[in-house]
Every structure is written in C-alpha cells, then in structure tokens.
Amino acid sequence: MFAAERRQLILEMVRANGAVSLRELARVVQTSEVTVRRDVRALEAEGLLDRRHGGAVLPGGFTRESGFPQKSHLATAEKTAIADLAANFVEEGEAIVVGAGTTTQELARRLARVPGLTVVTNSLLVAQALAHANRVEVVMTGGTLRGSNYALVGSGAEQSLHGLRVSRAFLSGSGLTAERGLSTSNMLSASVDRALVQAAAEVVVLADHTKLGTDTMFQTVPTDLITRLVTDEPPAHDDRAATELQALADQGVQIAVAGGQGGSAGAGAGGPGSDAVPARQQRRDVPLPGPRRQVPGAGGQLRSASASMLGEQGPGAERARVADLRRR
C-alpha cells in the first residue's frame, strides 16, 4: 500500500471512530507502528487529526471528549492489564467507589469475584458489570444521565455522595500529569469525580500510558491527593510517559505498572477475595520519597506503600479499618 493510500485509510478510520490506537491502525493497514506513527504525524501537520500517546483522534484540543464507542477502541490490551492488576488492591468486605470510564468498567468485571464487597458508583456500565454478582452490593448515585459515557452527573449525583466514607476510590480520566493531576474534558463529570474523591480515604487512578502527559480542561484529582497510579509499561520510545511517571513518583504517588518485563509480581500480590496476579501481569513499584498527605475529611493516615501492596497488616486489620470507616 502506498503512503497516500495508507494515510487516507487512517484518516477514514479516525473520522469513523473518533479515536483509534496506533496498534489498531497498524493492523488494518498491515504495516508497522513506526510507519503508522510517521503517517499520523504527517496528517497532524495538515490539521486533519490530532496525535495522542498511543493513538490518533479527531482534531479538537482541550474541549473535545470522545464518546464511549471511541474510547473503548483505544489501548484495549493496556486497559485489560491495568484492570487485572488493580483488582488485587481490593479486599473482601471493603466498601469502595468506582468512577465512570472504560478502564473502570474493565475493573468492575473483575470485582464480581470479591465477596462482601460494596461498590458505590455513578456509572451504568460499572453497575451493569456487577449486576449479576451475588456477593457484591452495588449502590448507585442519583443524578442526570450523561449518554456519551453512561454516567450519572449533576447536583443529584454529588448530593448523594455527601457524608459517604469508603476505603478507596478508583477513578479514570482523560489525562494525567504530575503538574495538575487527573483531568477530564467535561465539567459535570469532573465535579462528580471530585465528590467521589472526598468520600474516600485513598485515591487510586487507573490510566494507561496514552494518558500520561496529557492535560485536559477540568482538574478532577490534584496530584497530592492521588495515593496510587495503576498504569501499563510505556513503550521504549515513549520518553514523555516515562518522564511523567518519574515526576509523579517524585511527588509521592505510588506507581504500580502492569505488564512490565523487568518487575516482579511481589509477595502477597493477591489479597483476600482476589485472584493472584497472572504471570504475565508483573508490577513495578516506585518507592515513596516521603509520607503521603491526607485526603481532607477522610480521617486517619493513609496506608503505606508496603502495607497496601504486600498486605503486611493482614486481612483482619483491613476489615477492621473498613468497618471503622463505615462507622464514620
């Protein structure tokens, strides 16, 4: 296929889907990701599309947000790996909140195996994934349905979260930087995510490497309130993502990397109620430079990296901590 033909097909795919990963583009045009990346750069120079880490999207800058069908085709393998690893941070009997997003939807599918779990969510997709899990209680917020991502937003959703206290919040977003933290392109979604954060003692962000270094309009979680980031291994050529990871670690964010080739699964990876991390899912933890700051209103010091990652406190201590959080 000639370059002109490849680029026309790439452009048609992006226009049809709104966003397409480099991996998918390379598969369809039957060439390498290096060649596709060069084609995407040429199309971006003509103003026909915008590059993103790991993919290409319709032009639009800060104000554009892809809908669920488009997002579901971006970095699918990476999201699966992230969800597999993130599920190991959820223990039997916990109460958590899970925000809207394609990555959190993948996480929800794995949480159906955790007995005694209570999940509070504003996402119809998360609730649907857990609808037939007999051992999981699902609590939905109120609010107005936002059809583009199947999430409940608005004052009803935010008010239903007032007074809630849970152990962890699992959130995704449109971009993540060390400077601003997690952000999204929609004001209503950002406002609900902020309310979810206020309800949790710890905040876990799920973001694949394509979102690292990307900044969007509305901040949802500032960096100093992010306890842990679960992400995938950035490609060797992606210096920007690697630099962003190091900057986040320097600010005290615990980094768990799924699919890393040089890491190790670590002892105690699979907590009670969760499957062990598969052999293909390895994680690398970047040590904290100092103690984490507290989430305002959450009460109590956040667990250390070693206690949370390796289960040093044991399941009994964890259940007692969750029960204490519920009483508050």
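Attention here is on the structure that accompanies the text. (Residues numbered from 1 in each chain as written. Predicted model: local features only at pLDDT ≥ 70, side-chain atom pairs only at ≥ 80, totals over all residues. Heavy atoms only, no water.)

In this section: the sheet that holds strand β2 (residues 50-52). Read across the open sheet, the three strands follow the order β1-β3-β2; overall the sheet is antiparallel. Unpaired on one side and paired on the other, β1 (19-21) and β2 mark the two borders of the sheet. Put simply, the sheet's adjacent strands are angled 25° from each other on average, direction ignored. Pairing of β2 with strand β3 (residues 55-57) involves three bridges; the strand directions are antiparallel. From the neighbouring strand, Arg52 faces β3, where its bridge partner is Gly55. Contacting β1 and β3, helix α2 (residues 22-29) runs over the sheet at an angle of about 80° to β1. (Pairing = 2+ DSSP bridges. Helix = DSSP H or I, 4+ residues; strand = E, 2+ residues; numbered from the N terminus. Axes fitted to C-alpha atoms, helices over the stretch in contact; angles between N-to-C directions. Contact = heavy atoms within 4.5 Å.)

Below, the discussion takes up the environment of Val40. Take Val40: it is sitting in helix α3 (residues 33-45). Under the relative-accessibility criterion, Val40 is labelled buried at 1%. Counting along the chain gives 29 residues from Val40 to Leu11, while the straight-line C-alpha distance between them is 8.7 Å. Sequence-distant contacts of Val40, that is, excluding residues within four places in its chain, are made with Ile10, Leu22, Leu25, Leu49, Arg51 and Ala56. (Buried < 20%, exposed > 50% of the residue type's maximum accessible area, 1.4 Å probe, protein only.)

A few words now on the sheet that holds strand β10 (residues 175-177). If you trace the three strands from one edge of the open sheet to the other, you get β10-β11-β13, paired in antiparallel fashion. At either end of the open sheet lies a strand with only one pairing partner, and these are β10 and β13 (218-221). Along the sheet, successive strands turn relative to each other by an average axial angle of 40°, direction set aside. Here three bridges tie strand β11 (residues 181-184) to β13, and the two strands are oriented antiparallel to one another. By the bridge assignment, Leu182 is partnered in β13 with Val221. Across the face of the sheet, helix α9 (residues 187-198) comes into contact with β11 and β13 while running at roughly 20° to β13.

This paragraph deals with helix α5 (residues 76-86). When you tally the buried positions in α5, you get eight out of eleven residues, the bulk of the element. Residues Glu78, Lys79, Ala81, Ile82, Ala83, Asp84, Leu85 and Ala86 constitute the buried set of α5.

Attention shifts here to helix α10 (residues 239-250). Given a rise of 1.5 Å per residue, twelve residues ought to cover 16 Å, and the 16 Å separating the end C-alpha atoms of α10 matches this to within 8%. Gly252 sits one or two positions beyond α10 and adopts a positive phi of about 100°. (Expected span 1.5 Å × (residues − 1).)

The next subject is the packing of α5 against helix α6 (residues 102-111). Two numbers describe how α5 lies on α6: the axes approach to 8 Å, and their chain directions differ by 45°. Looking at the two axes, α5 sits oblique to α6. For the pair α5 and α6, the crossing hand works out as right-handed. Here Lys79, Thr80, Ile82, Ala83, Asp84 and Ala86 of α5 lie close against α6, whose contacting residues are Thr102, Thr103, Glu106, Leu107 and Arg110. (Parallel < 35°, antiparallel > 145°, perpendicular 65-115°, else oblique. Left-handed = near helix turned anticlockwise from the far one by under 90°.)

Among the nonpolar cores identified, the biggest contains 32 residues, and Leu176, Val205, Val221, Leu229, Leu248 and Ile255 are the most heavily contacted of them. Excluding anything up to four places from it in sequence, Leu176 contacts Gly181, Leu182, Val205, Ala207, Lys211, Leu212, Gly213, Thr214, Ile226, Leu229, Glu244 and Leu248. By size, the runner-up hydrophobic cluster in this structure holds 26 residues, among which are Ala83, Leu111, Val136 and Ala258. (Core = buried A, V, L, I, M, F, W, Y, C linked by side-chain atoms within 4.5 Å.)

What follows concerns the packing of α2 against α3. Taken N-terminus to C-terminus, the directions of α2 and α3 make an angle of 105°; their axes are 9 Å apart at the nearest point. For the element pair α2 / α3, the angle class is roughly perpendicular. Contacts between α2 and α3 involve Leu22, Arg23, Leu25, Ala26 and Val29 on the former and, on the latter, Glu33, Val36, Arg37 and Val40. Residues belonging to the contact of α2 with α3 are distributed by class as follows: six nonpolar, no polar and three charged. (Nonpolar A, V, L, I, M, F, W, Y, C, P; charged D, E, K, R; others polar.)

The side-chain alternation of strand β4 (residues 95-98) yields two buried faces, one formed by Ala95 and Val97 and the other by Ile96 and Val98. As defined by bridge partners, β4 adjoins strand β5 (residues 117-121) across four bridges and the pair is classed as parallel. Among the inter-strand pairings, Ala95 is bridged to a residue of β5, identified as Thr118. Judged from the three bridges that link them, β4 and strand β9 (residues 166-171) form a sheet pairing that is parallel. Residue Val97 lies in a different strand from β9, and its bridge partner there is Ala169.

With that settled, consider a nonpolar patch on the surface. On the surface, a nonpolar cluster with roughly 390 Å² of combined accessible area is contributed by Leu124, Val138, Met140, Leu145 and Tyr150. With respect to the helices and strands, Val138 occurs in strand β6 (residues 136-140). (Patch = residues over 30% accessible without salt bridge, like charges linked within 9 Å, V, L, I, M, F, W, Y side chains within 5 Å. Areas by Shrake-Rupley, 256 points an atom, 1.4 Å probe, with all protein chains shown as cover. Salt bridge = Lys/Arg side-chain N within 4 Å of Asp/Glu carboxyl O.)

Distances and angles like these do not, on their own, reveal function.
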